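Fold and contact review
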Amino acid sequence: MKIFCIGRNYADHAAELKNPLPSKPIVFMKPPTALLLDNKPFYHPEFSNDIHYELEVVLKIQKNGKQIQPAFASEYYEEIGLGIDFTARDLQDELKQKGHPWEIAKAFDHSAVLSSFFPLSEYDKNNIHFVLKVNDEVRQDGYTKDLIFSFDHLICYVSKYFTLQKGDLIYTGTPAGVGKINIGDRLEAFLEGQKVLDFRIK
Ligand code: ZN
């Protein structure tokens, strides 16, 4: 099982980190050991003093495919959930400056929080609303209409390089409002108003 993540897929988030807009999707991966399920607490690791939350819509791949063409892309995902792409921003900034791979800043244990999945047919996939609250305060408030690269585009692009397999996940990028987590914080995520994540930082 593979976990793909897309960087800078919302213009307002690229701007807040002073990154240029990408002309192609930015793809990176996390290993299965990154998953954090069932609203379990996230234990803040000691190797970073600046771990950021990034709330993202997650696609679950429902059949195998490679080099998928645009006309067929939507057949490869039928369920969505929400996830948090935890990022050690201090480590990432240092690695980016040196032009080094950023795995240790992105793919560490429990850096991929994941909700349950819901049938995509219940939503308008071009305008899904999702919200992150930290300690009851709204920090991220996104709509998939603001994606730079659509879900279908991501399926085509990622499958050019990697065979997609049933059960793989794609974290589709985060809107603006990312920020640091602190021990004791409570994070809650809402998909079209329905709470799908509720966990604490320990
Ligand atoms: Zn992300």
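Residues numbered from 1 in each chain as written. Predicted model: local features only at pLDDT ≥ 70, side-chain atom pairs only at ≥ 80, totals over all residues. Heavy atoms only, no water.

Here we take up unusual backbone geometry. We note that Arg8 has phi near 50 degrees; this positive angle belongs to a residue other than glycine. Residue classification places Arg8 among the buried residues on the basis of a relative accessible area of 19%. For Asp136, which is not glycine, the phi dihedral falls at a positive 75 degrees. Following the sequence through the fold, Asp136 ends up in the loop between β10 (129-134) and β11 (137-143). With a relative accessible area of 59%, Asp136 lands in the exposed category. (Buried < 20%, exposed > 50% of the residue type's maximum accessible area, 1.4 Å probe, protein only. Helix = DSSP H or I, 4+ residues; strand = E, 2+ residues; numbered from the N terminus.)

Quick look at the sheet that holds strand β14 (residues 186-191) now. Here we have 4 strands laid out as an open sheet, ordered β11-β10-β14-β15, and antiparallel in their pairing. Edge strands, defined here as strands with exactly one partner in the open sheet, are β11 and β15 (194-200). Going across the sheet, the axis of each strand differs from the next one's by a mean of 15 degrees, ignoring polarity. In this sheet, β14 lies alongside β10 in antiparallel orientation, the contact comprising 5 bridges. Across the sheet, residue Phe130 finds its bridge partner in β14, namely Leu191. (Pairing = 2+ DSSP bridges. Axes fitted to C-alpha atoms, helices over the stretch in contact; angles between N-to-C directions.)

What follows deals with the pattern of salt bridges. In the structure shown here, the tally under the stated rule is 15 salt bridges. Two residues, Glu54 and Arg89, come together in a salt bridge whose shortest N-O distance is 2.8 Å. Of the two residues, Glu54 sits in the loop between β4 (51-53) and β5 (55-61) while Arg89 sits in helix α2 (residues 89-98), which places them 35 residues apart along the sequence. Its salt-bridge partner being Lys63, residue Glu75 comes within 3.3 Å of it at the nearest N-O pair. A residue pair is termed long-range when its members are at least 10 positions apart, and Glu75 in the loop between β5 and β6 (77-85) and Lys63 in the loop between β5 and β6 qualify at 12 residues. Taking relative accessible area as the criterion, Lys63 reaches 31% and is therefore assigned partly exposed. Several salt bridges share partner residues, and in doing so they unite Lys30, Glu54, Asp85, Arg89 and Lys106 into one network. (Salt bridge = Lys/Arg side-chain N within 4 Å of Asp/Glu carboxyl O.)

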